[in-house]
Amino acid sequence: MIVWGIVGWKNAGKTTLAERLVAHFTAAGLRVSTVKHSHHAVEGEPGTDSHRHRLAGAGQAILASPHRWALVTELHGAPEPPLGELLARLDPCDLVLVEGFKAAPHPKIEVHRPGAGQPLLAPGDPWVRAVASDGPVDAGVPVFARDDVAGIAGVIRAGS
């Protein structure tokens, strides 16, 4: 299982790039999974049975249907699990794209918007292998246009 991260500041376009990369790689026949970090609570749909079970105190709730299933685990004050623990729960696949988890030690593509005024992560993170930007930047690693999905995918393929 190959793991690559998509990192950057809020509203830089991480989710859009991750979505496009998933479509690119799955169209090429790869099995792709994703892990998304959120700073917000993951609640589920309020009022649904599984949400009600969780609120009643269930440590885990599985929602299953003929089309998909989902598992929600309550931490009950325990620390957030590290990325490695989450990756270990995934089914086997060819590629995992991780959105967020900036500090984790895995190869990353940084998504950057120079106009947003946030600093580049690449100069301080040896795991950033390329930058996807909507403007010119001096990153010390290859820089691609944010919509150059084929070019960015090439970096992932070459580094895997």
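All values reported here derive from a predicted model rather than from experimental measurement. (Residues numbered from 1 in each chain as written. Predicted model: local features only at pLDDT ≥ 70, side-chain atom pairs only at ≥ 80, totals over all residues. Heavy atoms only, no water.)

An account of the pattern of salt bridges is requested, with residue identities and associated values reported.
Considering all chains together, one arrives at four salt bridges under this definition. Of the charged contacts, one joins D94 and R31 as a salt bridge, the two residues approaching to 3.5 Å between their closest N and O atoms. Within this pair, whereas D94 is found in the loop between α3 (83-87) and β5 (95-99), its partner R31 is found in the loop between α1 (14-27) and β2 (32-36), the two being separated by 63 residues in sequence. The partner of K108 in a salt bridge is D125, and the shortest N-O contact between them spans 2.8 Å. Of the two residues, K108 sits in strand β6 (residues 108-112) while D125 sits in the loop between β6 and β7 (128-133), which places them 17 residues apart along the sequence. The same class applies to K108 and to D125, which are both buried. (Salt bridge = Lys/Arg side-chain N within 4 Å of Asp/Glu carboxyl O. Helix = DSSP H or I, 4+ residues; strand = E, 2+ residues; numbered from the N terminus. Buried < 20%, exposed > 50% of the residue type's maximum accessible area, 1.4 Å probe, protein only.)

Break down unusual backbone geometry for me, citing the residues and quoting the values.
Positive phi values are uncommon outside glycine, yet H76 reaches one of about 45°. Mapped onto the fold, H76 is located in the loop between β4 (69-73) and α3. Despite not being glycine, F101 shows a phi value in the positive range, around 55°.

Would you mind going over the pairing of β4 in detail, with residue names and values included?
By the bridge criterion, five bridges tie strand β3 (residues 60-64) to β4 in an arrangement that is antiparallel. Residue pairing across strands places A64 opposite W69, the latter belonging to β4. Two successive antiparallel strands, β3 and β4, enclose a turn made up of four residues. (Pairing = 2+ DSSP bridges.)

An account of the packing of aromatic side chains is needed here, citing residue identities and associated values.
Inspection of the entire model under this criterion finds zero aromatic pairs. The ring of W9 carries K102 above its face, with NZ or CZ at 4.0 Å from the centroid. (Phe/Tyr/Trp six-rings, centres within 6.5 Å; stacked < 30°, edge-to-face > 60°. Lys NZ or Arg CZ within 6 Å of the ring centre and 35° of its normal.)

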